[in-house]
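# Geometric and topological summary
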Amino acid sequence: MIIGLLTVEAIIYDAHSLKEKRAVLQRITTRLKQKYNISVSEVDFQDTWQHTKIAIAAVASSKMPLEKEFDYVLKFIDSFPEMERTLTDIEWL
């Protein structure tokens, strides 16, 4: 069994308040949870209105399925024009 942890830092350019930022994040994280078998949470920059860091965790029997899943997740995140991914990191536990 292997656990994958994907962390993504991003900028939300059109957010002019924390309320707008949270609305964008809520929409994206809800869709991610519905579409993929993952856990998602904002883990840093909660008080910054245009910057965010989300963590995505998943478990599988081997590394290859998780790599594919994370590729799909990143493509899905990139499909949202209101958020630009800046830093991405993957850890295997």
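Preceding block: the structure.
Please read these numbers as outputs of a predicted model, since none were measured by experiment.

## Remarks on the nonpolar core
One broad rule of soluble globular proteins: the nonpolar side chains tend to lie buried together. Core analysis: the biggest nonpolar cluster contains 25 residues, and Leu6, Leu32, Ile38, Ile56, Val73, Ile77 and Met83 have the highest contact counts within it. Residue assignment for this core shows that the elements contributing at least two residues are strand 1 (2–11), helix 1 (18–35), strand 3 (51–60) and helix 2 (63–78). Top contributing element to this core by residue count: helix 2, with six residues. If sequence neighbours within four positions are ignored, Leu6 has contacts with Ile54, Ala55, Ile56, Phe70, Val73, Leu74, Thr88, Asp89 and Ile90.

## Some remarks on a nonpolar patch on the surface
A cluster of nonpolar side chains, namely Met1, Ile3, Val59 and Leu93, defines an oily patch on the protein surface of about 450 Å² accessible area. Topologically, Ile3 is positioned in strand 1. The class of Ile3 is partly exposed, set by a relative accessible area of 33%.

## Some details on the packing of aromatic side chains
In this structure the tally under the stated criterion is three aromatic pairs. Plain terms: the ring middles of Tyr36 and Phe76 are 5.9 Å apart, the flat faces sit at 75° to each other, and that makes the pair edge-to-face. Of this pair, Tyr36 sits in the loop between helix 1 and strand 2 (39–44) while Phe76 sits in helix 2; the two residues are 40 residues apart in sequence, bridging distant segments of the chain. Each of the two residues, Tyr36 as well as Phe76, counts as buried.

## Some details on the sheet that holds strand 4 (residues 84–92)
Judged by pairing direction, the sheet is antiparallel, and its four strands sit side by side in the order 2-3-1-4 without closing on themselves. Unpaired on one side and paired on the other, strand 2 and strand 4 mark the two borders of the sheet. On average, adjacent strands in this sheet sit at an angle of 25° to one another, irrespective of strand direction. The sheet contact formed by strand 1 and strand 3 spans 10 bridges and is antiparallel. Each bridged residue has a counterpart across the sheet, and for Gly4 the counterpart in strand 3 is Ala58. Relative to the sheet, helix 1 contacts strand 2 and strand 3, its axis offset from that of strand 2 by approximately 150°. Taken strand by strand, helix 2 contacts strand 1, strand 3 and strand 4, and its axis lies near 15° from that of strand 1.

Rules used in this analysis
- Residues numbered from 1 in each chain as written.
- Predicted model: local features only at pLDDT ≥ 70, side-chain atom pairs only at ≥ 80, totals over all residues.
- Heavy atoms only, no water.
- Core = buried A, V, L, I, M, F, W, Y, C linked by side-chain atoms within 4.5 Å.
- Buried < 20%, exposed > 50% of the residue type's maximum accessible area, 1.4 Å probe, protein only.
- Helix = DSSP H or I, 4+ residues; strand = E, 2+ residues; numbered from the N terminus.
- Contact = heavy atoms within 4.5 Å.
- Patch = residues over 30% accessible without salt bridge, like charges linked within 9 Å, V, L, I, M, F, W, Y side chains within 5 Å.
- Areas by Shrake-Rupley, 256 points an atom, 1.4 Å probe, with all protein chains shown as cover.
- Salt bridge = Lys/Arg side-chain N within 4 Å of Asp/Glu carboxyl O.
- Phe/Tyr/Trp six-rings, centres within 6.5 Å; stacked < 30°, edge-to-face > 60°.
- Pairing = 2+ DSSP bridges.
- Axes fitted to C-alpha atoms, helices over the stretch in contact; angles between N-to-C directions.

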